[in-house]
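Geometric and topological summary
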Amino acid sequence: MNMTGSKIVIESLINEGVDIVFGYPGGAIMNVYDELYKQDTITHILNRHEQACVISANGYARVSGKVGVAVVTSGPGFTNALTGIADAYMDSIPVVIISGQVPLPLVGTDGFQEIDAIGISRPCTKHNFLVKDVRDLARILKEAFYIARSGRPGPVLVDIPKDISSHHTRFHYPDTVNLPTYKPTVKGNIKQVKKLSKAISEAKKPLIYVGGGAVRSGATDEIRKLLELTHIPAVETLMARGILGFDNPLSMGMLGMHGTYSANMAMSETDLIISIGARFDDRVTGNLNTFGKNAKIAHIDIDPASIAKLVEVDYPIVGDVKVVVQDLIDVLEEDFHQGKFFSWNEELQKYKAEHPLEYEDSDEVLKPQWVIETLGEKWGDDIVLSTDVGQHQMWAAQFYPFRHPDDWLSSSGLGTMGFGLPAAIGAKVAKMDRISVNVSGDGSILMNIHEIMTASQYGIPVINVILNNAYLGMVRQWQSFFYDERFSQTNLEYRADFTKIAEGFGGIGYKVKTKQEFIDAMSDAIAQNKTAIIDVDIHRKEDVLPMVPAGASLNEMILFKDTNKPKDK
Amino acid sequence: MKEEIQRKVISVFAVNEQGVLARIAGLFAGRGYNIETMTVAPVPDSVYSRFTIETRGNKKTIEQIIKQLNKLIPVLKVIDSSDIIEKETVLVKFSADNNLSDIDVLCKVYNGRIMNVNENSVVAVVVDEPNRIANFLKIIKKYSPKEIVRGGVVSMER
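Residues numbered from 1 in each chain as written. Chains lettered and ligands numbered in written order. Predicted model: local features only at pLDDT ≥ 70, side-chain atom pairs only at ≥ 80, totals over all residues. Heavy atoms only, no water.

Let us look at the packing of helix H14 (residues 368-379) of chain A against helix H20 (residues 515-528) of chain A. Residues and elements named next belong to chain A. Between H14 and H20, the least distance of the axes is 11 Å, while the angle of their chain directions is 45°. Taken as axis vectors, H14 and H20 run oblique relative to one another. Our pair here, H14 against H20, has a crossing hand that is right-handed. Only Lys515, Phe518, Ile519, Met522, Ser523 and Ile526 of H20 make contact with H14, whose side of the interface consists of Trp370, Val371, Thr374, Leu375, Lys378 and Trp379. (Axes fitted to C-alpha atoms, helices over the stretch in contact; angles between N-to-C directions. Helix = DSSP H or I, 4+ residues; strand = E, 2+ residues; numbered from the N terminus. Parallel < 35°, antiparallel > 145°, perpendicular 65-115°, else oblique. Left-handed = near helix turned anticlockwise from the far one by under 90°. Contact = heavy atoms within 4.5 Å.)

Take a look at the structure:
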């Protein structure tokens, strides 16, 4: 059938099974918006900032397991979108971004709202395309979706000049892609898997280290089976929260800068690190010179470039985590003697008991950790949890009882303040039966606060719990520990009235100072099924502990005990 | 951890399309890798171009460069063999005041020849291994070359 480029965009999205897109119109993308108007298969959510469009698509992708789609215009529309694109890139989230571009004859002339989208997004996309001929459009879109979701997932940009979207051609959506230069390895080398199996049988203190790749691969069941079979203790990264399950006795919790004592000690003492879809980020490893000093390292990852990037690896296995872990289970099952890691586990359980995550609760002032625990205890079965970036993010990562990784969204690699709310919108759209909660801070929430309006307009209720300490808390904490308490530009005592903001954007607001008020506000917000801000006054100087100072070794933690002195409010 | 910095010549086969050079160059720039020389030309009768890149780094860096290059979607393959033949072309312009036969002899030692002479200058071309080219350029200094154009390394596996 003969049709315009813009119609081809719509038909291609339908062919990909896309039923929702997040976007913002503008000059160069208007042809596509005209076609969106004429159809009713695809729902369009109008976020109020292009960054939020891409982050909502990102949140939708994380929770649904599908490819998220964002549509933006050229120039400022695109530069606004960049932070969202970079976020998806750093956390390997499959998103396709369709951007308008000035007409091809104007490209390169500094036309109105022209920016070299391909050029500036090259380092933060998995791949990007400039469409120069309408006859290539359907094929490019097919390839974009394939590249975004396969291998190590990531964002893919398709930049469409305005004249291309109005040109006509015959529409044919290809059934398959033909990319001779792009063939991700799915199946791991079985010889390597057998070597790893042998290494496991020879190890005394092995440790499984799970990262975001395991989430993207959908390997939760396989990894839990592996633990059940071997009784190897395990730690999770921020990205992988929920894979092990909070009540799994073999889980030592999250490791890294704000990880648990037991997780970091396990990593310091292990003799075999089995990395599954993790990437040895600096927030995880601390000082690389002492990291895994006594350990052999096995690294399972679909991205060969991730392997041996930061640490020397003894057992590299390139492949899809889900497939490789199942192969490992099959090999191990042939001959595995349970119970050989009994004393290692005992040792770690002792660490866990000696230094659990702790905080001092109070009846006078709300503690952020209590708020997180209460969310989990009371509503954990129903919540899909999103966070912004900062102290609240770490408290959520530490104290929330994670049940499944698909119920957890956090900007981990890029650390994007403003991620929480638009991501929670995407998550809610993907799982309308869940309570979408964004745990945020009084700093982060303002970075995409306008999305309260988006959520209200479309009836996508998101409950925003602001842990409000009137500080840029994480920076304040660093200033307090490492900058002799020179609190440069972190005091946010000039406060917004968040209840009024919520109401102004069509939501409901609650101001909360006590435990009962918090529980009442949450219950009411859930019952009203509306977008809400619950502005929780918390202890202003609460710190996130334990903490491994940047560049220190994992076993050099600042513990709660060390800093547990009476503090002024 | 600190390892010896080595020189490495890498051949990259990538789809000959707009922007692919920028992808490769951007990868080196963005990740802080060195490009000493780079030559690019289409591979005959194919959709690919061959990039010959001379780079420096320790073993780990070179490994990462190869992996990151392979990760680029338009890249078909990366060859990092050390069993290769390398050649580099250099053009040198001398003043015509020099003794032509001196220059001619010197060029011949380095597989080259004088290719153009006019009233002002003499242009010579030399094709040889990169380390020999370096030697050649050292030796001709005394003839005060007016201009030197190095072509970058090309290589082929044995």
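Turning our eyes to something else, we now look at the pattern of salt bridges. Residue and element names in this part refer to chain A. Taken as a whole and assessed by the stated rule, the structure comprises 42 salt bridges over all chains. The partner of Asp19 in a salt bridge is Lys66, and the shortest N-O contact between them spans 3.9 Å. Highlighted residues: Asp19 in the loop between helix H1 (5-15) and strand E2 (20-23) and Lys66 in the loop between helix H3 (50-64) and strand E4 (68-72), separated in sequence by 47 residues. A salt bridge links Asp407 to Arg434; its shortest N-O distance comes to 3.2 Å. Of this pair, Asp407 sits in the loop between helix H15 (391-399) and strand E16 (408-409) while Arg434 sits in the loop between helix H16 (420-430) and strand E17 (435-441); the two residues are 27 residues apart in sequence, bridging distant segments of the chain. For the residue pair Asp407 and Arg434, the accessibility class agrees, reading buried in each case. Members of the salt-bridge network, linked through shared partners, are Arg495, Lys511, Lys513, Asp535 and Asp537. (Salt bridge = Lys/Arg side-chain N within 4 Å of Asp/Glu carboxyl O. Buried < 20%, exposed > 50% of the residue type's maximum accessible area, 1.4 Å probe, protein only.)

Residues and elements named next belong to chain A. In terms of domain boundaries, chain A breaks down into domain 1 (2-170), domain 2 (190-354) and domain 3 (368-545). On a C-alpha basis, the centroid separation for the pair domain 2 and domain 3 is 31 Å. Between domain 2 and domain 3, the residue contacts involve 15 residues of the former and 18 residues of the latter. Of the roughly 1,400 Å² buried between domain 2 and domain 3 on both sides combined, carbon and sulfur atoms contribute 64%. Interface area lost by domain 2 to domain 3 is led by Leu238, Arg241 and His258, which between them contribute 47%. Our enumeration of links across domain 2 and domain 3 arrives at zero salt bridges. Summed over the shared surface of domain 2 and domain 3, the number is five residue pairs in polar contact (both at pLDDT 80 or more). Among the residues making up the side of domain 2 that touches domain 3, the classes are represented as seven nonpolar, four polar and four charged. (Domains from an automatic or database assignment. Buried area = accessible area lost by both parts, 1.4 Å probe. Polar contact = N/O pair within 3.5 Å; in protein donor to acceptor, adjacent residues only side chain to side chain. Nonpolar A, V, L, I, M, F, W, Y, C, P; charged D, E, K, R; others polar.)

Buried residues of helix H2 (residues 30-37) of chain A: A:Val32, A:Tyr33, A:Glu35 and A:Leu36, and no others. Considered in projection along H2(A), the buried side chains sweep an arc of 160° and stay on one side of the axis. (Arc of directions from axis to C-beta.)

This brings us to the nonpolar core. Residues and elements named next belong to chain A. Counting 65 residues, the largest nonpolar core has Ile200, Ile208, Tyr209, Ile223 and Ile276 as the members making the most contacts within it. The biggest single contributor to this core is helix H12 (residues 321-334), with seven residues. In contact with Ile208, other than residues within four places in its own chain, are Leu226, Leu227, Ile232, Pro233, Ala234, Val235, Ile274 and Ile276. Counting residues in each nonpolar core, the second largest holds 39 residues, with Val371, Trp379, Ala396 and Phe518 among its members. (Core = buried A, V, L, I, M, F, W, Y, C linked by side-chain atoms within 4.5 Å.)

Attention now goes to the packing of aromatic side chains. Applying the stated criterion across every chain yields a total of 17 aromatic pairs over all chains. Considering the side-chain rings of A:Trp370 and A:Phe518, the 6.1 Å spacing of their centres and the 70° angle between planes classify their relative orientation as edge-to-face. Residue A:Trp370 is located in helix H14, and its partner A:Phe518 is located in helix H20; the two are separated by 148 residues in the primary sequence. A network of ring pairs unites the aromatic residues A:Tyr209, A:Phe280 and A:Phe291 as a single cluster. Its guanidinium or amino end placed over the ring of A:Tyr471, A:Arg540 lies 4.1 Å from that ring's centre, counting from NZ or CZ. Positioned over the ring face of B:Phe13 is B:Lys77, at 4.8 Å from the centre of the ring. (Phe/Tyr/Trp six-rings, centres within 6.5 Å; stacked < 30°, edge-to-face > 60°. Lys NZ or Arg CZ within 6 Å of the ring centre and 35° of its normal.)

So, about the domain arrangement of chain B. All names here are of chain B. You can read the domains of chain B as domain 1 (6-80) and domain 2 (85-157). Each of domain 1 and domain 2 has a C-alpha centre, and these two points are 28 Å apart. Counting residues at the interface gives nine residues for domain 1 and nine residues for domain 2. Both faces considered, domain 1 and domain 2 share a buried interface measuring about 670 Å² in area, 48% of it formed by carbon and sulfur atoms. Taken as a group, Arg7, Thr39 and Arg50 account for 46% of the area that domain 1 buries against domain 2, more than any other trio of residues on that side. Across the domain 1-domain 2 interface, the total number found is two salt bridges. Here Glu157 makes a salt bridge to Arg50, at a shortest N to O gap of 3.1 Å. Counting across the interface, domain 1 meets domain 2 through six residue pairs in polar contact (both at pLDDT 80 or more). At the level of secondary structure, the elements contributing two or more residues to the side of domain 1 that touches domain 2 comprise strand E1 (6-15), strand E2 (37-42) and strand E3 (48-57).

The next thing to look at is the pairing of E2(A). Residue and element names in this part refer to chain A. With burial as the criterion, each face of E2 is covered, one bearing Ile20 and Phe22 and the other bearing Val21 and Gly23. Note: E2 against strand E3 (residues 43-46), four bridges, orientation parallel. Among the inter-strand pairings, Gly23 is bridged to a residue of E3, identified as Leu46. In terms of handedness, the path from E2 via H2 over to E3 forms a crossover that is right-handed. Note that E2 and E4 share two bridges and pair parallel. (Pairing = 2+ DSSP bridges. Right-handed = clockwise from strand over helix to strand, strands pointing away.)

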